[in-house]
Amino acid sequence: MRYFRSNNDKMNDFTTKKNYILADELATIAMGKQLADIVKNELKQGVVVFLNGDLGAGKTTLTRGFVQGMGHIGHVKSPTYTLVEPYDLPDWQVYHFDLYRLADPEELEFMGIRDYFGTGNIALIEWSENGAEYLASPDIVISINIVPTGRQFSVEATSVKGAKILQGCKTL
């Protein structure tokens, strides 16, 4: 998968990848909340996050922690059948995409996908590879693998915004 970066996105002074082993669901939710805290209180602008991993790896669990960390109170569900679940929060628009069942990437164009990537919007996208060229470039790519001790999270910054988020991540 290719990610495009403008010439202005020089990341020489930043760490671009970190790995974490998280033992359970609570640790995954805590990581999502930590990422939300960085976006909300330090970055203070929208971001695009690609979430990669097998079924059941923890993509929606991480998203639940993130959305709750941004201020949502209530249930956070996987938008497997609706493609997108919007969360209209006081200071943020958060969109959780699940493209697992997307039959044709062109469907994203018909649903107005570009409108979801506005300046102050946050997009968390599961199964981004199914969206092809219709998606905005990610700022962060989080790959989740199931390991004997829990889940391995590889968090990679692909933009300056992403590097700033990664810089704020603590060891969990």
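What you are looking at is a predicted structure, and each value in this text was computed from that prediction instead of being measured.

A. Up close: the pairing of strand β6 (residues 140-147). Sheet topology places strand β2 (residues 47-53) next to β6; five bridges connect them, and they run parallel. The residue bridging Phe50 from the neighbouring strand is Val141, located in β6. Strand direction decides the pairing type here: β6 and strand β7 (residues 150-157), joined by eight bridges, are antiparallel. Each residue of the ladder has a partner; that of Val147, found in β7, is Gly150. Hairpin connection, β6 to β7: the antiparallel pair is bridged by two residues.

B. Spotlight on a negative patch on the surface. Taken together, the side chains of Asp104, Glu106, Glu107 and Glu133 define an acidic patch exposed on the protein surface. What makes Glu133 exposed here is its relative accessible area of 62%.

C. Local environment of the confidence of the model for the protein. Across the protein, the average pLDDT comes to 88, with 90% of residues at 70 or higher. Segment residues 1-11: pLDDT under 50, and 21 contacts once partners within four positions in sequence are set aside and those in other chains are kept.

D. View of the packing of helix α1 (residues 25-43) against helix α4 (residues 160-168). Where α1 meets α4, the axes come as close as 9 Å, and the angle between the chain directions of the two elements is 120 degrees. The two elements α1 and α4 cross, and the hand of that crossing is right-handed. Of the residues in α4, those touching α1 at Gln34, Leu35, Ile38, Val39, Glu42 and Leu43 are Lys161, Lys164, Ile165 and Gly168. Broken down by class, the residue content of the contact of α1 with α4 amounts to five nonpolar, two polar and three charged.

E. Spatial organisation of α4. Among all positions in α4, only Val160, Gly162, Ala163, Ile165, Leu166 and Gly168 are buried. Its buried side turned inward, α4 meets β1 (17-22), α1, β2, β6 and β7. Where α4 starts, the residue carrying a side-chain oxygen 3.4 Å from the main-chain nitrogen of Lys161 turns out to be Ser159.

F. Examining the nonpolar core more closely. Grouped together as the largest cluster of nonpolar side chains are 33 residues, with contacts concentrated most on Met70, Val94, Ile122 and Ile142. For this core, the secondary-structure elements that each account for two or more residues are β1, α1, β2, α2 (59-69), β5 (121-126), β6, β7 and α4. In terms of residues, this core owes the most to one element, α1, which gives six residues. Among all residues touching Ile142, those that are not within four sequence positions of it are Leu35, Val49, Phe50, Leu51, Asn52, Leu62, Phe153, Ser154 and Val155. Residues Tyr95, Leu102, Leu108 and Phe117 belong to the second largest nonpolar core, which totals 18 residues.

G. Spatial organisation of the sheet that holds β5. Taken in spatial order, the seven strands make up an open sheet running β1-β7-β6-β2-β5-β4-β3, and their pairing is mixed. Sheet topology places β1 and β3 (84-88) at the edges, where each strand pairs with a single neighbour. Sheet twist, expressed as the average angle between the axes of neighbouring strands with direction ignored, equals 15 degrees. Sheet strands in contact with α2 are β2, β3, β4 (93-98), β5, β6 and β7, and its direction is about 165 degrees off that of β5. Lying over the sheet, α4 contacts β1, β2, β6 and β7, oriented at roughly 135 degrees with respect to β7.

H. Structural detail: the side chain of Ser154. The residue Ser154 is located in strand β7 in this model. Residue classification places Ser154 among the buried positions, given a relative accessible area of 12%. In this structure the side chain of Ser154 is engaged in a polar contact, spanning 3.2 Å, whose partner is the side chain of Asn19. Ignoring sequence-local partners within four residues, the contact set of Ser154 consists of Lys17, Lys18, Asn19, Val141, Ile142 and Ser143.

Reading guide: rules and limits
One numbering rule holds for all chains: residues counted from 1, following each sequence as written. Only residues with pLDDT of 70 or above have their local features reported here, since the model is predicted, and side-chain atom pairs are shown and tallied only from 80 upward, although totals for entire chains, interfaces and linings are computed over all residues. Water and hydrogen atoms were dropped before computing side-chain values, which therefore reflect all heavy atoms in the structure. In short, DSSP must find at least two bridges between two strands for them to pair. Secondary structure elements follow DSSP: runs of H or I of four or more residues count as helices, runs of E of two or more count as strands, with numbering from the N terminus. Patch definition: residues above 30% relative accessible area lacking any salt bridge, with like charges linked at up to 9 Å and the nonpolar side chains Val, Leu, Ile, Met, Phe, Trp and Tyr linked at up to 5 Å. Residue exposure ignores everything except the shown protein chains as possible cover, and the areas themselves are Shrake-Rupley values with a 1.4 Å probe. When a carboxyl oxygen of Asp or Glu is within 4 Å of a side-chain nitrogen of Lys or Arg, the pair counts as a salt bridge. In this tally, Asp and Glu contribute negative charge and Lys and Arg positive charge; neither His nor the terminal groups of the chain are included. In plain terms, the charge of a residue is placed at NZ if it is Lys, CZ if Arg, CG if Asp and CD if Glu. Burial classification: accessible surface area is computed with a 1.4 Å probe over protein chains only, and a residue below 20% of its type maximum counts as buried, one above 50% as exposed, and the rest as partly exposed. The predictor rates its confidence in each residue with pLDDT, a number between 0 and 100. When checking whether two residues touch, look at their non-hydrogen atoms; a contact exists if any pair is within 4.5 Å. Axis geometry follows a simple rule: fit a line to the C-alpha atoms, using only the stretch in contact for helices, then measure angles between N-to-C directions, giving values from 0 to 180 degrees. For any pair of crossing helices, the crossing counts as left-handed if the nearer helix is rotated counterclockwise from the farther one by less than a right angle, and right-handed if it is rotated clockwise. Each residue gets one of three labels, nonpolar for Ala, Val, Leu, Ile, Met, Phe, Trp, Tyr, Cys and Pro, charged for Asp, Glu, Lys and Arg, and polar for the others, Gly among them. Throughout this description, a polar contact denotes any pair of N or O atoms lying within 3.5 Å of each other; where both atoms belong to protein, one of them has to be capable of donating a hydrogen while the other can accept it, and for residues adjacent in sequence the pair is counted only when both atoms sit in side chains. Among the buried residues, those of types Ala, Val, Leu, Ile, Met, Phe, Trp, Tyr and Cys that are joined through side-chain atoms within 4.5 Å form a nonpolar core.

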